[in-house]
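Commentary on secondary and tertiary structure
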Amino acid sequence: MNEPYEQVNTGANEESLRMVSSQPIGNEPVSDEELRPHILDGFIGQPQLKAQLRLFLDAARKRETPPDHILLAGPPGLGKTTLAMIVANELEVPIRITSGPAIQHAGDLASILSSLEPGEVLFVDEVHRLPRAAEELLYIAMEDFRVDVMVGKGPGASSIPLTLPRFTMIGATTREGMLPSPLRARFGFTAHLDFYPHEELEKLVERSAGVLGLEIDRDAAHELALRSRGTPRIANRLLRRVRDWVIVHDLSKASADDVRQALALYQIDAEGLDRLDIAVLNAIVRNFQGGPVGLNTLAAMVGEESETVETVCEPYLVREGFLIRTPKGRVATPKAWQHLGIRPNEDDVSKSF
Ligand code: ADP
């Protein structure tokens, strides 16, 4: 639950350039809008979560009151913002979008809260990054639908309580463990988003291809899904690059081979590993006979900051079973050797583990 989903500082530059980044890159947030489903039925996968949310929203509609506050937790690119927009759309209410880091002072939040319309959805992305004072203001707003507005400064300052209309707060977080428990306790419904299995990503690719007006074989959608690291944002990004390929080559349809060739250009292989992932695995296997090797040495070998290797590269390699972290250092698994097409010598493998 407390996985380091979020990409932190030093890794951010490298991360923002990666085709397989789960964070938006370039002008993507805008261009991605057309691919967002607007209704719950259009949201692919996550069946359990969708059924829970359906019940939750239907009940609110029948009661004719705004639903409880919702917390959406999970790694970047899995659909938290999309779901928040779907909730507002399904309830036919407006949505206000902000984020923890965008709110620098409690006053910023107070002015947003005091201008909310009845029933409006307030979406706060990266809610674990709200400043402390804003967080405390939010507790009262979420619970009592009230905000205390400070008037004046210094010893003469006084607070005026302002009643807010009932609204629904939707918080999104990549670090649920960093949320203070009083804040977590104020959400009536918490949804955890998980990485998507290949079959769901395949459906997502087919849906997005339809929106983009691109014909794509089922096999092609499958190849693309395999390379998308369980993440819709990555699947959509790779799909756009496949569309470039189709346009430039004057094709009527994308085949599995087109997907392979287009994505090979970006050095993304059949398991969704890119240049940096392969460099890390190569360094462990070829230079250290499979490890263990310390993080700093490894980072120096691939010419990156340790933090970049640790936060940008390793989570996926560990999740997919290419690498394990041991107290003595990083060790490549037999799957990594196999992926690189190198036969481990028995001694190397037993030494590593
Ligand atoms: P997050 O807020 O979790 O970082 P987003 O909601 O911005 O992720 O999703 C990233 C992109 O992936 C969006 O453009 C959206 O179109 C797409 N997407 C995410 N989840 C789904 C889904 N379940 N079905 C269809 N598209 C999805």
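Residues numbered from 1 in each chain as written. Predicted model: local features only at pLDDT ≥ 70, side-chain atom pairs only at ≥ 80, totals over all residues. Heavy atoms only, no water.

Sheet topology note: the strand E4 (residues 146-151)/strand E5 (residues 158-163) ladder contains six bridges and is antiparallel. Following the sheet pairing, Val 147 is matched in E5 by Leu 162. The turn linking E4 back onto E5 is made up of six residues, and Gly 152 within it adopts a positive phi angle of 80°. (Pairing = 2+ DSSP bridges. Helix = DSSP H or I, 4+ residues; strand = E, 2+ residues; numbered from the N terminus.)

Turning our eyes to something else, we now look at the UniProt feature "domain: AAA+ ATPase" (unreviewed entry) in the protein. Following the UniProt record, the feature "domain: AAA+ ATPase" (unreviewed entry) maps to residues 66-199 here. Within residues 66-199, the helical portion is 30% and the strand portion 27%, while the C-alpha atoms at the span's ends are 34 Å from each other. (UniProt positions renumbered as here; feature names shortened; annotations may be inferred.)

This part is about the site of the ligand. Looking at the ligand, there are 18 residues lining it, with Asp 32, Ile 44, Gly 77, Thr 81 and Thr 82 nearest. Between an oxygen atom of the ligand and a main-chain N or O atom of Leu 78, the distance comes to 3.3 Å. In this structure, Arg 233 approaches the ligand through a side-chain N or O atom, which is 2.9 Å from an oxygen atom. Those elements that place two or more of their residues in the shell around the ligand are helix H4 (80-91) and helix H10 (232-248). Of the residues that constitute the shell around the ligand, the class distribution is nine nonpolar, five polar and four charged. Two domains each donate at least three residues to the shell around the ligand, and these are domain 1 (36-192) and domain 2 (196-266). (Near = heavy atom within 4 Å. Polar contact = N/O pair within 3.5 Å; in protein donor to acceptor, adjacent residues only side chain to side chain. Nonpolar A, V, L, I, M, F, W, Y, C, P; charged D, E, K, R; others polar. Domains from an automatic or database assignment.)

Before going further, it helps to examine the packing of helix H13 (residues 295-302) against helix H14 (residues 306-319). Relative orientation of the contacting elements H13 and H14 amounts to 90°, with a least axis distance of 8 Å. By the criterion of interaxial angle, the relationship of H13 to H14 is roughly perpendicular. On the side of H13, the interface is formed by Leu 295, Asn 296, Leu 298, Ala 299 and Val 302, while H14 contributes Ser 306, Val 309, Glu 310 and Glu 314. Grouping the constituent residues of the contact of H13 with H14 by class yields five nonpolar, two polar and two charged. (Axes fitted to C-alpha atoms, helices over the stretch in contact; angles between N-to-C directions. Parallel < 35°, antiparallel > 145°, perpendicular 65-115°, else oblique. Contact = heavy atoms within 4.5 Å.)

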